[in-house]
Each structure stands twice: as C-alpha cells, then as structure tokens.
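Architecture at a glance
Single-letter residue listing:
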Amino acid sequence: MRKLLLLLIILSPIFSFSQKNTNPTYTITGKIIDATSKKPLEDATIIFKNIDSNLIKFGGITNQKGNFSIDVEKETYNVSVEFISYETKILNISEITRDLNVGIIEMELDSEILNEVEITGEKKALELKPNKIVYNVDKDISTAGSTAANALNNIPSVNVDPDGNVSVQGQGNVQVLINGKTSSLSKSEALKSLPAGSIENIEVITNPGAKYDASALSIINIKLKKGKDVGLNASLTTTGGHKDYYGGLITLNNKTEKLNFFVNASFNKSNPVKSASSENEYFNNNVTSSFLNENSKFNNKIDAIYGTVGSDFYLSKSTTLSASVNFQNITNKSNTLTASTIFDASKMPTTSNDRTHIGKLENDLFEFVVDFEHNFKKEGQKLTSNISYSKDTDDFTNNILNTDTTNFTNEAYTENNELQNTSFEVNFVNPIGTSSTYSVGYKGTFGEVPFKYSSDLEESTIDYFETVNAAFIEFENEGEKFYYGIGLRAEFMELKTDYLNLNTSQKNEFNEILPSVYLQYSINDLKSISLSYSKKLFTPTYHQLQPFEQKYSETSSYTGNPALDPIYIDALSLGYSYNGNKITFSSSLFFNKYNDYWENATYETGEQINGVNKIITTPVNVGKVDYYGIDITTNYKPTKIINFTGNINLYNLDQSGIYNTVNSADETITLDYNHADFSGAFSLLTQLKIPKVFDFQINAKHFLISKGAYSTRKAYTYASAAINKDLFNKEASISLTVDDIFKSLKTDRDRFNTNYFSKSVIENKYQTILLSFTYRFNQSLKDRKIDFEKKEMKPNY
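Below you will find a few notes about this structure.

About the criteria used
All residue numbers refer to position in the chain's written sequence, counted from 1. Where local features are concerned, this predicted model is filtered to residues with pLDDT of at least 70; where side-chain atom pairs are given and counted, the filter is 80 or more; whole-chain, interface and lining totals use all residues. Water and hydrogen atoms play no part in the side-chain values, which are based on all heavy atoms of the structure. Under the scheme used here, helices are H or I runs from DSSP no shorter than 4 residues and strands are E runs no shorter than 2 residues, and both carry numbers assigned from the N terminus. C-alpha atoms define the radius of gyration, and 2.2 Å times the number of residues to the power 0.38 defines the globule rule. Here's how the labels work: a residue is buried when its accessible area is under 20% of the maximum for its type, exposed when over 50%, partly exposed in between, all with a 1.4 Å probe on protein chains only. By definition in these notes, contact holds between two residues if any of their heavy atoms fall within 4.5 Å. A 1.4 Å probe and the Shrake-Rupley method give the accessible areas. Residues count as covered only by the protein chains that appear here. Only four residue types enter the charge count, namely Lys and Arg as positive and Asp and Glu as negative; His and the chain termini do not. The atom standing in for a charge is NZ when the residue is Lys, CZ when it is Arg, CG when it is Asp and CD when it is Glu. We call a set of buried residues a nonpolar core when its members are Ala, Val, Leu, Ile, Met, Phe, Trp, Tyr or Cys and they connect through side-chain atoms within 4.5 Å of each other. Each pair of strands is called paired provided DSSP finds at least two bridges between the two strands. Every axis in this analysis is a line fitted to C-alpha atoms, fitted for helices over the stretch in contact. Angles between the N-to-C directions lie between 0 and 180 degrees. By salt bridge we mean one thing: a side-chain nitrogen of Lys or Arg within 4 Å of a carboxyl oxygen of Asp or Glu. Here the aromatic set is Phe, Tyr and Trp, taking the six-membered ring for Trp, and pairing holds for ring centres within 6.5 Å; pairs whose planes are under 30 degrees apart are stacked, those over 60 apart are edge-to-face, and all others are tilted.

**Digging into the overall build of the protein**
Helices and strands together make up the secondary structure of the protein, namely six helices and 48 strands. A globule of 797 residues ought to have a C-alpha radius of gyration of about 28 Å, and the protein, at 30 Å, matches this closely. Buried residues in the protein amount to 47% of all 797 residues. Within the protein, counting contacts between residues at least 6 apart in sequence, those at least 24 apart form 64% of the total. With the model as given, the accessible surface of the protein reaches about 37,300 Å², and the carbon-plus-sulfur share is 55%. Between the averaged position of the 78 positive side-chain charges in the protein and that of its 94 negative side-chain charges there is a distance of 7 Å.

**Regarding the nonpolar core**
Leu-152, Ile-155, Val-158, Val-166, Ile-202, Ile-220 and Ile-222 are the most contacted members of the largest nonpolar core, which has 29 residues in total. Of all the secondary-structure elements, those providing two or more residues to this core are β9 (126-129), β10 (132-136), α3 (148-152), β11 (158-160), β12 (166-168), β13 (174-178), β14 (199-206) and β15 (218-224). When residues in this core are grouped by element, the largest group, four residues, is from α3. Contact partners of Leu-152, with chain neighbours within four places excluded, come to Val-158, Val-160, Val-166, Leu-191, Ile-202 and Ile-220.

**A closer look at the sheet that holds strand β8 (residues 100-107)**
In spatial order, the strands read β4-β1-β8; together these three strands make up an open sheet with mixed pairing. Looking along the sheet, the strands with just one partner apiece sit at the ends: β4 (67-73) and β8. Between one strand axis and the next, the sheet turns through 25° on average, direction left out of account.

**What to know about the sheet that holds strand β35 (residues 612-621)**
Taken together, the four strands give an open sheet; going across it, the order is β30-β31-β35-β34, and neighbouring strands pair in mixed fashion. A single partner strand is all that each edge strand has here, and the edge strands are β30 (550-553) and β34 (598-609). Neighbour-to-neighbour, the strand axes of the sheet open up by a mean angle of 25°, direction not taken into account. Two elements, β30 and strand β31 (residues 556-558), share three bridges in a ladder whose sense is antiparallel. Counted as the bridge partner of Ser-553 is Ser-556 from β31.

**Some remarks on the pattern of salt bridges**
The tally for this structure, following the rule as stated, stands at 17 salt bridges. Glu-362 is the salt-bridge partner of Lys-360, the closest N and O atoms lying 3.6 Å from each other. Bridged by salt links that share partners, the residues Asp-213, Lys-443, Arg-489 and Glu-491 form one connected network.

**Examining the environment of Ile-358**
One can find Ile-358 in strand β22 (residues 349-375). Between the C-alpha atoms of Ile-358 and Ile-641, which are 283 residues apart in sequence, the distance is 50 Å. Ignoring sequence-local partners within four residues, the contact set of Ile-358 consists of Ser-334, Asn-335, Thr-397, Asn-398 and Asn-399.

**A look at the pairing of strand β46 (residues 746-753)**
Here strand β43 (residues 711-713) pairs with β46 via three bridges, running antiparallel. Within the sheet, the bridge partner assigned to Ser-711 lies in β46 and is Arg-751. Across eight bridges, β46 lies against strand β47 (residues 756-764) in antiparallel orientation. Within β47, the position partnered with Asn-753 by the bridge is Tyr-756. Remark: two residues form the turn of the hairpin made by β46 and β47, two consecutive strands paired antiparallel.

**Let's talk about unusual backbone geometry**
If you check the backbone angles, Asn-179 has positive phi at about 55° while not being a glycine. Looking at where Asn-179 falls in the secondary structure, it is placed in the loop between β13 and α4 (188-191). We note that Asn-207 has phi near 50°; this positive angle belongs to a residue other than glycine. Within the fold, Asn-207 resides in the loop between β14 and β15. Here Asn-207 falls in the buried class, since its relative accessible area comes to 9%.

**Things to note about the pairing of β22**
Looking at chain direction, strand β21 (residues 319-344) and β22 are connected through 25 bridges and run antiparallel. Among the inter-strand pairings, Ile-342 is bridged to a residue of β22, identified as Thr-351. The loop that links β21 with its antiparallel partner β22 comprises four residues; one of these, Lys-347, has a positive phi angle of about 65°. Summarising the sheet, β22 and strand β23 (residues 382-402) pair through 21 bridges and their orientation is antiparallel. Among the inter-strand pairings, His-374 is bridged to a residue of β23, identified as Leu-383. Joining the antiparallel neighbours β22 and β23 is a turn of six residues, in which Gly-380 adopts a positive phi near 85°.

**Side note on the packing of aromatic side chains**
Under the counting rule described, the total for this entry stands at 21 aromatic pairs. Summarising the aromatic geometry, the rings of Phe-424 and Tyr-442 are spaced 6.5 Å apart at their centres and angled 45° between planes, so their arrangement reads as tilted. Of the two residues, Phe-424 sits in strand β24 (residues 411-432) while Tyr-442 sits in strand β25 (residues 436-455), which places them 18 residues apart along the sequence. By relative accessible area, Phe-424 is classed as partly exposed at 35%. Since its relative accessible area comes to 30%, Tyr-442 is described here as partly exposed. Measuring from centroid to centroid gives 4.8 Å for Phe-703 and Tyr-716, while their planes differ by 20°, and the two rings are stacked. A residue pair is termed long-range when its members are at least 10 positions apart, and Phe-703 in strand β41 (residues 694-703) and Tyr-716 in strand β44 (residues 716-727) qualify at 13 residues.

Here it is in structure tokens:
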C-alpha cells in the first residue's frame, strides 16, 4: 500500500504537467519530528489531496533530517502527514496561494497500532549500512544466556578466537567500545563475562574516520540496554547448562518525563574445560635428536558478577545529563595438568613428568562515567562531552608442582596489575547550510599501571604511564547523490616505563597527524559505491610490553618486549552496496599496508631441559605487510519465515622482513619472514521463524587454512544452533542453544623451524549447551516489533 502511495505521489506531478496546467506553483517546506524524542522522522509522507474528489494531487517524503520541500499548484487541498505506527496528522493549510514554511510538525505514536504492532515489519537481526553493520542482539535467539564474546562470533566478518582476541575481516587491532567510549569492560576477559542479554545492539565500523582513535583499524561499538518505555519495566533471565553452567540476568528500568533510571545485573558460573596435545621433534644438523610429547587438560572454574547502574537526567528538552557506574568481579580458579614424556632419537622414553599448575585470577573492575549532551536551537548543532574514571585490578597467584623434581623446577609466583585510567572527551557538531557539517573534538586519556611480579627467585616492579592528547576536525557534505567527508586527527602520545628494581626508565613519544577521507556516490535509491582512506597508528599493549616470562610448559614460554615500536598503517577500501526488498548486498575491496609489522617470533633460547631445547615467543617489529582482499555480506529473505545471511572474506598477505637476535648460548638466530599466504573464511546464518510455533537458527563458519612463515593453522568448520519459543502472550520465552554442535571447533597448528617440528591441537572438551528462560515485566511489544530503522544513505564516517 505504501509503495502504491509513493508511486501515485511521484506520478501525480507528471500527469499534472502533461495537462499543460498554467496554475502558478508554490513550494511548501517544513520538518517532521517524533513528539517524544524530538528526533527527526525520515521517510514520513506528506500528502496533498483534492478537496472534492479526495484524490492525491501532490506529495513527498522527508529526508534524513526530517525536512521536506514539495512544489504544489495553487489550489485548495486536504493536507496530511502519515508515518508508520504514528497517528495521521491533518495540517491546517488548505489554501495554497504562496510559498509556505509550516515549521516543525510533531507526530504522536498511535497506541492502537502499537497494541497490534505484531502485524508490522520487525527489525532485522542484522542491518547492512554504508561502512557499518548493526547487529540487534535481541533478534538473535542464540544469545540468550550467553556472553558478549559469543554474540560477536555471530556477526559476519567478525571472529573471536578461543583466547578472546577479536578480528574483523581477518584482521586484529579492533577497538571495542562500550556505549561509544573506551572502557575496561571491552577487554577480552570482560567480554567473556559480559552478558549478551544486557546488550541492545552492536555496531561494526570498518575503516573509521578521524573522530575515532588512531589505533582503530575497525570499531566494534557495544551499546548496553537502557529502557525506552515510560514507567517501570524489567526482564529476568535464568540460564542453566551442561557442565556446571548457570546464571541469571535482571534488567530494570523506570522512565519518567525528567528521569530515566536503569539497572543491568548478572551472575554466572561456568566450568570450561579444554584439552591440548602436542608432538615435538627436535633436530641437530638435520638429524633427529629427541622427541617431546605433552598432553594437557585445562580446567577453569569461573564466577562472574557484572552490573551497571545509571540515570539519564532530562534537564530540558534539549539537554541531557547521564551518570552510570559499571562494576565487574571475576574469579577464575584454574587447574592445568600436563603429562610430559621425553624420548631419545630412537623413541625410547628417557624422562617423564606430571606438571600441575594451580592458578587463580581475581579481577575487580570499577568504572564511573558521566555524559552530557546539549542540542542547540540551530538544527543539528550539538555539544557532547563525557568524563570517565576506571580502576581495574588483576591479581594472579600461580603454583607449579612437578613429580620429577630432579629435572623439573617447582615454582610459585604472583603478579599484580592495577590500571587506573581517566578520560575526558568533548565534541562539537555544527551544520553549515542544509548540506554541510563540521565537527571538532578533543580527547585526553591519562593511564597508570603499576606491575608487580614476585617469585622465589626474583621480584620486579614496573610502573607504566600512558598519556594521550588527541584532537580532530571533520568536514562532511551530503548532496542529493554525492557525499564526502574529510578528517584530520592529531595524536600526541607519551609512554613511560619505570623499572623500579633496576632504577632505570624508558620513555617513548609519538606525535602524529593522521588524515582520513570518505567518498560515497548514490547511483540510485538502491545502489551506492564508496571509497575511503585513513592512516592508522597501533601502539603496543601491556601484554606485549611486559618483560615477565609466562610459562606454557617447562620447555615453552612467552615474554613481552619493552622495546616494541608502533605499527603505521595505510588503509584503503572500495565498497559497493545494494538495498533491495529481498536482497541486501554489501561488499568491499580492501588494501592495508603495515610498516614495522609485529610478529610473534619463536626461537630457541639456547637452554636445554633433559636434551630438549627450550623455546620462547616474543613480539618483535619485522618489516612490512601488504594485506588485501574482498569482503562480501549478503542478506536474503525469500519469504516472511526464513532469512539467510552469508559472508565471504578472502584475503592475501604478503610479508617481507628478517629478524636477527642472539640467544643465551651466544648463537645467532635468524628468522626469515618473507612469505605470502592466501586465506579466508565463510559463514552462513539461517533463521527460520514459524509464527506462533517457534524460532530456529543455525550459524555455520568455515575457516580456510592459514600459513605463516613458521607455522600453519589447519582449516576447520564449526556450527551453533538455537531454538526459541514465546510463551504467555510473548511476555516470556524459553530458548535452547548448542554451541559447537559437532565438536569441531579446534586449533590444529604446526610450528616448524630448522631445529624443530611441532604438531599441536587445542579444543574444548565439551560442547556448550544452555537452556534459558526470560520473563518480561511491563515491556511493550514496540521495542521488539516495530521497524523504526529506515534506509540510511549517509555513512558512519
């Protein structure tokens, strides 16, 4: 019906013109907004009907800012404004005799339609927009009772590995934001505990512009829930699962005209168990000298408490002040058993040992955030600012016991890290005319992390300080067909490390000016092409800098590199998108050039343990990398009950560089990283919705083989599935989720060099099976059913 209405609106002026009517024409302008939120309504319809025949004579729709401009002939009309789920509004401007600006028109939600909103189109689980993907967590039934890390794995082109590292389009260095801001809740351990039920949606932005941190090759913005309904409403979720998994989540919201109070709180207990096996062969002058076989079982018992408490204060219709507190406590008690057997060249066992590693992590996180937003009288002019303080404490306790104390060493050590971070940000947006906007902003981040390592043999204390002052300016212009945005970001960074036990200091300063450009051309209402470029700067994290040895086993360990330099990246992307009725298609060709690339170099230390050469892994700067490929995401909905979302990510990596070092045995180590690799991934999410019966979905992913200069990760495929049933007139729902259905999610890797060859497999010992029940109190159907999301042509630059 709406398409027919728009067709009549478009054709009416043509018919009128063909009749050679000489009546004068006048322009009617105005703006349409939501009466409650005061936000503009895009695609609202303005209709001019003949006062006698009630036939449509003229009409038009609003743009992204809610504005409209319609040319009509001199006459008397019935004029109305219509928009889905809103009450039709009659305008008192019947006789048109001159150009007229009708001002701002406020639209009220139609309560009768909202009660029957089930019959309208609903928001999709996945929305493809220029330069970004929006993932609506509530629409993915597999996220009930799960975590943010699980939810991220369901987004096309996004992957979270078993260690919690996030990648987009096969590349790391992803900045994860919480509500548009940096937060301690975005670290990998926190994402594994942050409940997916507390998330409204997740935005994935590729090649972001100058207003984002220089270290952000891609952005993942996790928006936590704030209730939208007026009055008191809440939801309660309880979850139980296989292998000692249970938990609960409560969301509470009370919204009035002046105040919006919200609470998200959860507790979950889990017992993930992993197994690992490795077979290692060592060589001396290309002749086998020994073998080492190891089998490990990682048993972790995790208790996690998470909460957010906050309020929005509506100081006026144009000013909002928000304050919130985030807190999290994670206790992880780990018990790792490793059985090791060393063989001589003829495969006769020479030494065996059972190693027990008992560890405990206590993490306490506190974060306080204040946000301010003021909308000026000038349309689109806005000032926002926020200040945050966080304290994130990690206490590690480790005890290592061996059955063979003659050849292996018992150890006990502790590590304490306490991050204190203060951040301040202010942004100002100002329109220029009707089609241009400029934005300016400043962000200051001031962090301190004291590290303390203590063992029977040594004690080290390091204070790490990071100060970042950044400013940006962006200019955007949006025409009828063409959009362009240009930006410039300046970052002034100072990193200081004090080695207190050595009475030495290290200081690094990085001052960079980083440009960005985004161009987009709309071929028509359905098709557009885009081109973007940005320069990025990646600085090392604490894990990469800390110099403490972390043992994987008696013969393998990791240590950071305090001298690690940043990576400089040139990122280029060419995109094409199509938004049809049944098919949505988004693709990009990308090329990223990395300078001073980071590589985890693994080499022999020169030390031997029972004839086995000990190896160590450390991050180093090695040469250059050209990373280029194609990413395609398609959404296809052939009928109302089934939907397919597929993704193809294929890339080629060309690396050049050589790393040289001298080990403790005074041996020169040379690692040649000149190589090329073709790899990629495929995913398919299938969603089946049978009204009044159940919802079902299955998500399958396949990863191609990946070859590095000194390692090969085998190809693998895994799938997860979920089924959901609404109960009690959709006030409640029950869902069953099975992750890794075929128990095929594993890391099968070969590592090799001239002196060794290693085969290892790491996998989950059990599947994750969760049963969740959710009950909603006074939560209206409109949040779950109405599709307020309209076509967005302007990219998120």
